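Understanding the architecture of this molecule
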Amino acid sequence: MKAIVFDNSGTLIERYRAVKDIQTGEIFDTVSSLDIVDSNSARALVVIQTDPSKCIINAKPDQRICQFIKRNDIHIDISYSTVEIKKKELIEAVTGDESKVSDIQDTIRAVTAKGYNIQVCSGSGFIVDLNKGKIEFTVTSGGRVFPEVRDVVKELQKRDIHIFVASGDRKGSLKALARYIGIPEENVFDTADSWKKMEIVKGLKRNYDVMMVGNSVNDVLALKEADIGVLTVQQKEKNPQMVYDSADVIVENIREVLDIDF
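Anyway, here's the lowdown on the structure attached to this text. Nothing here was measured: the structure is a model prediction, and the numbers come from that model. (Residues numbered from 1 in each chain as written. Predicted model: local features only at pLDDT ≥ 70, side-chain atom pairs only at ≥ 80, totals over all residues. Heavy atoms only, no water.)

**Observations regarding the sheet that holds strand β2 (residues 13-21)**
Read from one edge to the other, the open sheet built from 6 strands follows the order β3-β2-β7-β6-β4-β5, with strand pairing classed as antiparallel. Since the sheet does not close on itself, it has two edges, and those belong to β3 (27-28) and β5 (76-81), each with one partner. One ladder, built from 5 bridges, connects strand β4 (residues 43-48) with strand β6 (residues 123-129); its direction is antiparallel. Counterpart to Leu-45 in the pairing with β6 is Ile-127. (Pairing = 2+ DSSP bridges. Helix = DSSP H or I, 4+ residues; strand = E, 2+ residues; numbered from the N terminus.)

Next up, the structure:
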C-alpha cells in the first residue's frame, strides 16, 4: 500500500501570515514566523486551539493573553521550535506575560483585510521566549487552498493512495480542510512540530510506502524519513539550503506530485 503525507500551510494552501512585534507594535507580513523562532533557540511558536474568527476576535481586548487562555480553558500547543519543549515549561513561561488579546486581534484584522480565510490555516498564536518568559510576537495565518489541490487528491484516491495531512496548524482548521478536500478527518494530524511529523511518517511506514510533501524547515525531518521526500515551492518563499537538501524531488506546483514515480 501507498500513502502520501501532506503538510498544509504553504503546501496545500497559499498562506498569508501577519506578525505583530509586541515591543514596537509593528505588523508585518514579509518575515516567516519559523525564521523568527530559528533565530533564538529559546523561542517557540504556539498555536491557540480556538477559532479566531468567533472566539478571539470577540474577546475582551484589554485582558492578558494568559488570562484569556486560562479563563476560557483553551488548549495551546507548540507548533514549532528548534529544541523539544515540554508543554508545562510553556505554560509556566507565559503565566506572567503582559501581552493583551488586542495584540492577537490586530493580526486577525490584518489577515481578514487581505481577504484570506482563517478557517483553513493555523488561525492565531504567538511566539514566546521561554528564557525571558515573554510573548514577543503574535501571529495569525490565513489561506486559500491552491486551485489544483482537490483534483490532485481525487486522482491520488483513484490510484488507491491513502492521503494524510500532518501540519503545525490548528485542529479546527485542519478538520475544515479535510472536509473540503475530501479526506477522512481521522487522517489529519494537527499541531505537528518537526519531530511529530517525522514520527507520523515513521509510523505509517510500518504499513505503507510513504511520500512526504512539504514546503519548509518544519518538514525537513519528515522529508528525510519518508521513502520519497517532495519539496513544493509553490508558496514561493525562501528556505535555507538544508530544506532543499532534505528532498528527493522538488516541484513548483502540487499537481506535479501526480507525475512522480511512486
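**Some thoughts on the packing of aromatic side chains**
This model, assessed by the stated rule, comprises 2 aromatic pairs. Pairing Phe-164 with Tyr-208 gives two aromatic rings, centres 5.9 Å apart and planes at 75°, and the pair type is edge-to-face. You can see Phe-164 sitting in strand β8 (residues 161-166) and its partner Tyr-208 sitting in the loop between α7 (194-204) and β10 (209-214), a full 44 residues away along the chain. Across the pair, exposure class does not vary: Phe-164 and Tyr-208 are buried alike. Among the aromatic side chains, those forming a connected cluster through ring pairs are Phe-164, Phe-189 and Tyr-208. Taking the ring centre of Phe-262 as reference, the NZ or CZ of Lys-2 above it sits at 5.3 Å. (Phe/Tyr/Trp six-rings, centres within 6.5 Å; stacked < 30°, edge-to-face > 60°. Buried < 20%, exposed > 50% of the residue type's maximum accessible area, 1.4 Å probe, protein only. Lys NZ or Arg CZ within 6 Å of the ring centre and 35° of its normal.)

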